[in-house]
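Structural description and commentary
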Amino acid sequence: QVCSAAQVARRLRRTFAWLCRCSIMDLAAQPPYQSLEGFAAKYKASCFCKRDCSECMRLHAAPMQWAALFEKSDVRFAQESLAFLRWYNAKCDAVYTAGVDRVFPCKVQCTHCGTWIGDEGRDVFAAFPSLFDFVDGQSAPRFPRSFLPAYRIFCRTRALDAVDRLAAFEDEVRTPASVA
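Attention here is on the structure that accompanies the text.

Rules used in this analysis
- Residues numbered from 1 in each chain as written.
- Predicted model: local features only at pLDDT ≥ 70, side-chain atom pairs only at ≥ 80, totals over all residues.
- Heavy atoms only, no water.
- Helix = DSSP H or I, 4+ residues; strand = E, 2+ residues; numbered from the N terminus.
- Buried < 20%, exposed > 50% of the residue type's maximum accessible area, 1.4 Å probe, protein only.
- Core = buried A, V, L, I, M, F, W, Y, C linked by side-chain atoms within 4.5 Å.
- Phe/Tyr/Trp six-rings, centres within 6.5 Å; stacked < 30°, edge-to-face > 60°.
- Polar contact = N/O pair within 3.5 Å; in protein donor to acceptor, adjacent residues only side chain to side chain.
- Contact = heavy atoms within 4.5 Å.
- Salt bridge = Lys/Arg side-chain N within 4 Å of Asp/Glu carboxyl O.
- Pairing = 2+ DSSP bridges.

1. Regarding the overall build of the chain
When its secondary structure is counted, the chain shows one helix and eight strands. Across the chain, helices and strands are ordered from the amino to the carboxyl terminus as α-β-β-β-β-β-β-β-β. Here the chain holds 180 residues, and the buried ones make up 34% of them.

2. A few points about the nonpolar core
Grouped together as the largest cluster of nonpolar side chains are 22 residues, with contacts concentrated most on Tyr33, Phe77, Leu85, Trp87, Val108 and Phe125. Counting residues per element, this core draws most heavily on strand E4 (residues 106-110), which supplies three residues.

3. Considering unusual backbone geometry
Between Phe104 and the following residue, Pro105, the backbone shows a cis peptide bond with an omega angle of -10 degrees. By secondary structure assignment, the location of Pro105 is in the loop between strand E3 (94-96) and E4. Positive phi, close to 50 degrees, is recorded for Asp93, a residue that is not glycine. Of note, Arg165 is a non-glycine position whose phi angle comes to about 65 degrees, a positive value. Judged by its relative accessible area of 84%, Arg165 falls in the exposed class.

4. Let's talk about the packing of aromatic side chains
One pass over the structure, following the stated rule, counts nine aromatic pairs. Ring geometry for Phe134 versus Phe147: centroids 5.0 Å apart, planes at 80 degrees, classification edge-to-face. With a gap of 13 residues between them, Phe134 in the loop between strand E6 (124-127) and strand E7 (151-152) and Phe147 in the loop between E6 and E7 connect regions that are remote in the sequence. With a relative accessible area of 18%, Phe134 lands in the buried category. For Phe147, a relative accessible area of 2% translates into the label buried. For the ring pair Tyr151 and Phe169, a centre distance of 6.1 Å and an interplane angle of 90 degrees mean the geometry is edge-to-face. Residue Tyr151 is located in strand E7, and its partner Phe169 is located in the segment after strand E8 (167-168); the two are separated by 18 residues in the primary sequence. What makes Phe169 buried here is its relative accessible area of 15%. An aromatic cluster is present here, built from Trp66, Phe70, Phe132, Phe134, Phe143 and Phe147 joined pairwise through their rings.

5. Regarding the side chain of Glu120
Of note, Glu120 is situated in strand E5 (residues 116-120). Side-chain polar atoms of Glu120 contact the side chain of Lys72, separated by 2.7 Å. Here the side chain of Glu120 touches Arg102 through a polar contact of 2.8 Å, side chain to side chain. The residues touching Glu120, leaving out its near neighbours within four places in the chain, are Pro31, Pro32, Tyr33, Lys72, Trp87, Arg102, Phe104, Pro105, Cys106, Val108 and Phe125.

6. Looking at the pattern of salt bridges
All told, the structure shown has four salt bridges when counted by the stated rule. Asp164 serves as the salt-bridge partner of Arg152, at 2.2 Å between the closest nitrogen and oxygen. Taken as a pair, Arg152 in strand E7 and Asp164 in the loop between E7 and E8 lie far apart in primary sequence, twelve residues in all. Overall, Arg152 belongs to the partly exposed group, its relative accessible area being 21%. Three or more residues are tied together by salt bridges with common partners; here these are Lys72, Arg102 and Glu120.

7. Thoughts on the pairing of strand E2 (residues 85-89)
A one-sided burial pattern is seen for E2, the buried positions being Leu85, Trp87 and Asn89 and the unburied ones Arg86 and Tyr88. In terms of strand pairing, E2 meets E4 through four bridges, oriented antiparallel. Paired with Arg86 across the two strands is Gln109, which belongs to E4. What sits between E2 and E3 in their antiparallel hairpin is a turn of four residues, with Asp93 showing a positive phi close to 50 degrees.

In structure tokens, the structure reads:
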């Protein structure tokens, strides 16, 4: 979705209005923000401040991003962390403090410590494996096989040549890329 300056201004006004009249519970009715009740977490992740957050701010500037993709229905945030989330849509250059107003795709961030937690699409949540409890700062992380990279996407704009022999795509796994 492409947003004009007027649309961004309207969204900002709605966001501030939302703060006055809505509760975080509006957001908590949909995945991945709904209740943990009856939900068995297979893995746990957190950012620096532990509001849904670990040992240091783990997400940093790097030549590539590593993400594990989950169906949104398979992800839950702790209810106490919902008040500390904000969303950013790069195409609109808009920040949303009201999750119900966010535009997909968007980045999800902890407002307390600043950690970028993941990317949210309409049906998928891309979480950053370095935020999961596999990383304790004491020993080498042991990631489950399902978290290991299977392919590279958006290679048209890559900063480094790949040397890992993973399949590479110029886009979201549709157009094969030539990799040096």
